[in-house]
Amino acid sequence: MTDKKHFADYVLLGMQGEFTFQVLTTLLDRSCRPAKVFLYGAEKKSISPDIDGIKVEVKHSEIPILSLIRQFNIPVSFVRHDELAHHMKGMSFDYLVTACWPLLIPENVLLQAGKAALNIHPSLLPLYKGLNPVRDQLIAKDDHFGVTLHHMNNKYDSGEIELQQAIENMVNPNIEDIEKTCAQSGARLLIKVLGDAA
């Protein structure tokens, strides 16, 4: 009988899109379950892609991250940025982790983390800070892709670097492939930190 790996307690903040989905999938594949997930904005009731001028309605159960959260019965809150501190009031956790959170986290929320507030960022910081690092890197024709796990502070992508991982051997990558690989690699970096801290 093998012992189950233990991880430090954490909450995950992200969006309802692919990057956060890939991070959460990788974490759950390794039995590293968040205490709670906070998703930015209102819950998406449906996806309405426009295909050749025709609106196609897809039920919210088909939005991948929402299905995953429900499958694993993870508590979830949908919050606007100005509501975050209120929703997190009184919570206790070791790590606050962001994966594609669009705004700076208020200092009082960062300080709630017992051990650290960490961000998974899809570039090798200090290069390509900001909201669209992979796009910016592709525009610059820079093929040195990677992911950074860094501490958060009161400036975007400027905190102390915890771990980094270069992403190599990507042949003709597109933005989706790069972001997916960065999300999965970033989640594995986080797993190392959470496992070491348990």
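The present account deals with the structure reproduced in this document.

Rules used throughout
Within every chain, residues take consecutive numbers counted from 1 along the sequence as written. Residues qualify for local features only when their pLDDT is at least 70, as the model is predicted, and side-chain atom pairs are given and counted only at 80 or more; totals for whole chains, interfaces and linings, by contrast, use all residues. To obtain the side-chain values, all non-hydrogen atoms of the structure were used and water was disregarded. An axis is simply a line fitted to the C-alpha atoms; with a helix, the fit covers only the stretch in contact. Between two such axes, the angle follows the N-to-C directions and lies from 0 to 180 degrees. Where helices and strands are cited, they refer to DSSP runs of H or I of at least four residues and of E of at least two residues respectively, numbered from the N terminus. When describing relative orientation, an angle under 35 degrees is termed roughly parallel and one over 145 degrees roughly antiparallel, while 65 to 115 degrees is termed roughly perpendicular and anything else oblique. Take the far helix as the reference: if the near one is turned anticlockwise from it by less than a right angle, the crossing is left-handed, and if turned clockwise, right-handed. Contact definition: two residues touch when any of their heavy atoms are within 4.5 Å. Any residue outside Ala, Val, Leu, Ile, Met, Phe, Trp, Tyr, Cys, Pro, Asp, Glu, Lys and Arg is labelled polar, Gly included; the first ten of those are nonpolar and the last four are charged. A pair of Phe, Tyr and Trp rings is counted when the ring centres sit within 6.5 Å of each other, with Trp represented by its six-membered ring. The angle between the planes then sorts it: under 30 degrees is stacked, over 60 is edge-to-face, the rest tilted. Three labels apply to residues, based on accessible area from a 1.4 Å probe with only protein chains included: buried if under 20% of the type maximum, exposed if over 50%, partly exposed otherwise in between. To count toward a patch, a residue needs a relative accessible area above 30% and no salt bridge. Like charges then connect within 9 Å, nonpolar side chains (Val, Leu, Ile, Met, Phe, Trp, Tyr) within 5 Å. Under the convention used here, a 1.4 Å probe and the Shrake-Rupley method define accessible areas, while residue burial counts only the protein chains that appear. The rule for a salt bridge is simple: a side-chain nitrogen of Lys or Arg has to be within 4 Å of a carboxyl oxygen of Asp or Glu.

## Observations regarding the packing of helix α1 (residues 18–29) against helix α6 (residues 175–197)
Working step 1: At their nearest, the axes of α1 and α6 sit 8 Å apart, and the two run at 40° to each other. When the axes of α1 and α6 are compared, the pair comes out oblique. Where α1 crosses over α6, the handedness of that crossing is right-handed. Contacts between α1 and α6 pair Phe19, Gln22, Val23, Thr26 and Leu27 from the former with Glu179, Lys180, Cys182, Ala183, Gln184, Ala187, Arg188, Leu190 and Ile191 from the latter.
Working step 2: Each residue belonging to the contact of α1 with α6 can be placed in one class, and the counts come to eight nonpolar, three polar and three charged.

## So, the packing of aromatic side chains
Working step 1: Under the defined criterion, the tally for this structure stands at one aromatic pair.
Working step 2: Judged by centre distance (5.4 Å) and plane angle (85°), the ring pair of Tyr40 and Trp101 falls under edge-to-face. With Tyr40 in strand β2 (residues 36–40) and Trp101 in the loop between β8 (93–99) and α4 (107–110), the pair connects residues that are 61 residues apart, well separated along the chain.
Working step 3: Using a relative accessible area of 7% as the deciding quantity, one classes Trp101 as buried.

## Some points on the packing of α1 against helix α2 (residues 64–71)
Working step 1: Remark: α1 packs on α2, axes separated minimally by 9 Å, with the N-to-C direction vectors making an angle of 30°. As summarised for this structure, α1 and α2 are arranged roughly parallel, according to the angle between their axes. Two packed elements cross with a definite hand, and for α1 against α2 that hand is left-handed. Judged by residue contacts, Thr20, Phe21, Leu24, Thr25 and Leu28 of α1 engage Pro64, Ile65, Leu68 and Ile69 from α2.
Working step 2: Grouping the amino acids of the contact of α1 with α2 by side-chain chemistry returns seven nonpolar, two polar and no charged.

## Looking at a nonpolar patch on the surface
Working step 1: Together, Leu103, Leu104, Leu131 and Tyr156 give the surface a local cluster of nonpolar side chains, amounting to about 340 Å² of exposed area.
Working step 2: Looking at the element boundaries, Leu131 is found in the loop between β9 (113–121) and α5 (133–139).

## Here we look at unusual backbone geometry
Working step 1: A cis amide bond links Leu125 to the next residue, Pro126, at an omega of 15°.
Working step 2: Turning to its location among the elements, Pro126 is positioned in the loop between β9 and α5.
Working step 3: The phi torsion at Asn73 lies on the positive side, around 50°, for a residue other than glycine.
Working step 4: As for its placement among the helices and strands, Asn73 is situated in the loop between α2 and β7 (76–79).
Working step 5: Of note in the backbone geometry, Asn172 takes a positive phi value of approximately 45° without being a glycine.
Working step 6: Position of Asn172 relative to the elements: it lies in the loop between β11 (161–167) and α6.

## Re the pattern of salt bridges
Working step 1: What the rule picks out here adds up to five salt bridges.
Working step 2: A salt bridge links Arg80 to Glu83; the nearest nitrogen and oxygen atoms lie 3.5 Å apart.
Working step 3: On the basis of relative accessible area, Arg80 is assigned to the partly exposed category, the value being 48%.
Working step 4: For Asp196, the salt bridge identified is with Lys192, shortest N-O distance 3.2 Å. Of this pair, Asp196 and Lys192 are both found in helix α6, four residues apart, which corresponds to roughly one turn of the helix.
Working step 5: Taking the relative accessible area as the measure of exposure, Asp196 reaches 55% and is therefore exposed.
Working step 6: Of the residues examined, Lys192 reaches a relative accessible area of 46% and is grouped as partly exposed.

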